[in-house]
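# A closer look at the structure
Here is how the chains run, residue by residue.
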Amino acid sequence: MPDQPTPRGIDPRGPRFAASVTTVLLAVAVVLSLTGVSTAQAGAGFGWFAYQPLANATFVPGTDFAFVAGQGWAISYVTPLQRALDPGFLLLLVVAALFLWSVLSPRTAPWGALFRRFIQPRLAPPSELEDPRPPRFAQGVGLFVVTIGLVLHLVGVPWALPIAAAAAFVAAFLNAVFGLCLGCQLYLLLQRAGLIGRQRPAAT
Amino acid sequence: MTATTAILALAGLLVASVIVGLVLRRRQGRIRRARTAERVDPALLGATALGERATLVQFSTEMCARCPGVRRMLSSAAADRDGVLYLDVDLTHRPDLAKTFHVLQTPTTLLLDQGGAVHARIGGIPGRDLLDLELDRLTGENAHA
């Protein structure tokens, strides 16, 4: 039996709608990250000026060994501020902020609010309500994955951004289209890894 | 990377995601017959006794959107038959139980016979027909014993 009372149920179509919007945002983020500084090369054949946004950028000292060797990633040659101004980074930052909002305050989060205000009144009442905790957990997983990508990108790891965006995209897509329950598949694995769900003292 | 290549990469990602989705949907409700005759101690699950003829054990967590629906299905299947007990075990704060029973996803359903031996495991949402078939086997065997 559950230790705590189950929270009031929500219309299950709300989180599905939110996942659909998130899927689209992440698809755009994947494309933007792939065309941005995260994947750009600084090959000797072209010189790093070939990556146009860098053409006027300042060379960051301490990374010249890669340049001399003839191979390198453009991301190593830009300042963290320039990395942060990458369009893929900015969009992914927005997505992370939305995930954070959904975790902290699910009732006020934008896509759910949009759904309740404009879409739900046009639909028949839901056949059943669902526990809000599983979708909230899924938002937390998305936040975690995207944040890792953002941080790695800021410290100059190439390809971190598109890979994180792609991982989050797959999860959001599977949820929106196939109704995959991330909490169903992931919670116990994370628990086994010791990351969540520690043992509580047995209730009397 | 050029925009064209990036869009092609996204298309590839989309195709891969669809394939993953179809594969996961296929594996839903897959039944696995238990090889060993491991017996489950009802006290571990917080129950005083097992069902007279069979027991349905469902492992759930609070993060499982599918579990309430499966709970309804399994408890109604148990109620339809004499001597079948339904147990729901919440693993949210019980990593020890999850480890003991090797539960990796929720819902996971165990079908036990009257002695507590595990006959089958079902991961994901069990199909109602499959469930009825298994329960009839379990309760039918006991009737002939």
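Residues numbered from 1 in each chain as written. Chains lettered and ligands numbered in written order. Predicted model: local features only at pLDDT ≥ 70, side-chain atom pairs only at ≥ 80, totals over all residues. Heavy atoms only, no water.

Take the overall build of chain B next. Along the backbone of chain B there are four helices and five strands. Ordered by position from the N terminus, the helices and strands of chain B form the series α-β-β-α-β-α-β-β-α. What you see for chain B is a C-alpha radius of gyration of 19 Å, clearly larger than the 15 Å of a compact globule of 145 residues, by over 25%. Along the three orthogonal principal directions, the C-alpha set of chain B runs to about 70 × 30 × 30 Å. Burial analysis of chain B (145 residues in total) assigns 43% to the buried set. Excluding contacts between residues fewer than 6 apart, the proportion of contacts in chain B whose partners are at least 24 apart in sequence is 73%. Element-wise, carbon and sulfur atoms account for 57% of the exposed surface of chain B, whose accessible area totals about 7,400 Å². (Helix = DSSP H or I, 4+ residues; strand = E, 2+ residues; numbered from the N terminus. Rg over C-alpha atoms; globule rule 2.2 N^0.38 Å. Buried < 20%, exposed > 50% of the residue type's maximum accessible area, 1.4 Å probe, protein only. Contact = heavy atoms within 4.5 Å. Areas by Shrake-Rupley, 256 points an atom, 1.4 Å probe, with all protein chains shown as cover.)

Facing the 38 residues of chain A at the interface are 38 residues of chain B. Carbon and sulfur atoms supply 64% of the area buried between chain A and chain B, which totals about 3,300 Å² over both sides. Per-residue buried area on chain A facing chain B is highest for A:F178, A:C184 and A:L188; these three make up 19% of the total on that side. Applying the counting criterion to the chain A and chain B interface returns two salt bridges. (Buried area = accessible area lost by both parts, 1.4 Å probe. Salt bridge = Lys/Arg side-chain N within 4 Å of Asp/Glu carboxyl O.)

On to the confidence of the model for chain B. All names here are of chain B. Summary statistics for chain B give a mean pLDDT of 90 and a share of 97% for residues scoring 70 or more. Ranking the helices and strands of chain B by mean pLDDT puts helix α1 (residues 3-27) first, with 96, and helix α4 (residues 128-144) last, with 79. Scoring of the predicted complex yields 0.86 for pTM and 0.87 for ipTM. (pLDDT = per-residue confidence, 0-100.)

It is worth spelling out the pairing of strand β4 (residues 108-113) of chain B at this point. All names here are of chain B. By the criterion of burial, β4 is predominantly enclosed, with six of the six residues buried. Because side chains alternate across β4, one face comprises the buried residues T108, L110 and L112, and the other comprises T109, L111 and D113, equally buried. Here six bridges tie strand β2 (residues 54-60) to β4, and the two strands are oriented antiparallel to one another. Residue V57 lies in a different strand from β4, and its bridge partner there is L110. The pairing of β4 with strand β5 (residues 118-123) spans five bridges and is antiparallel. Bridged to L112 within β5 is V118. (Pairing = 2+ DSSP bridges.)

With that out of the way, let us pick up the nonpolar core. The nonpolar side chains of soluble globular proteins are, as a tendency, buried together. A:V30, A:L92, B:L45, B:V57, B:F59, B:L91 and B:F101 are the most contacted members of the largest nonpolar core, which has 50 residues in total. At nine residues, the largest contribution of residues to this core is made by helix α7 (residues 160-178) of chain A. B:L45 has contacts with B:V40, B:V57, B:F59, B:L87, B:V89 and B:F101, leaving out every residue within four places of it along the chain. (Core = buried A, V, L, I, M, F, W, Y, C linked by side-chain atoms within 4.5 Å.)

Bringing the layout of surface pockets into the picture now. Its boundaries defined by the atoms lining it, the largest pocket holds a volume of some 1,200 Å³. In terms of lining residues, the largest pocket is bounded by 47 residues, among which A:A138, A:N175, A:L180, A:C181 and A:L182 are the most central. Only α1 (13-35), α4 (87-104), α6 (133-154), α7 and α8 (182-192) of chain A together with α2 (67-79) of chain B provide two or more residues apiece to the lining of the largest pocket. Per-element accounting of the lining of the largest pocket gives the leading share, 12 residues, to α6(A). For the lining of the largest pocket, the class distribution of residues is 31 nonpolar, nine polar and seven charged. Within this model, the second largest pocket holds a volume of roughly 910 Å³. If you trace the second largest pocket, you find 33 residues lining it, with B:R27, B:R30, B:R32, B:Q105 and B:G123 closest to the centre. Those elements that place two or more of their residues in the lining of the second largest pocket are α7 and α8 of chain A together with α1, β1 (30-33), β4 and β5 of chain B. (1 Å grid on protein atoms, 1.4 Å probe; cavity = no way out; pocket = protein on both sides within 12 Å on 5 of 7 lines; lining within 4 Å. Points joined across faces, edges and corners; volume = space filled by probe spheres on them. Nonpolar A, V, L, I, M, F, W, Y, C, P; charged D, E, K, R; others polar.)

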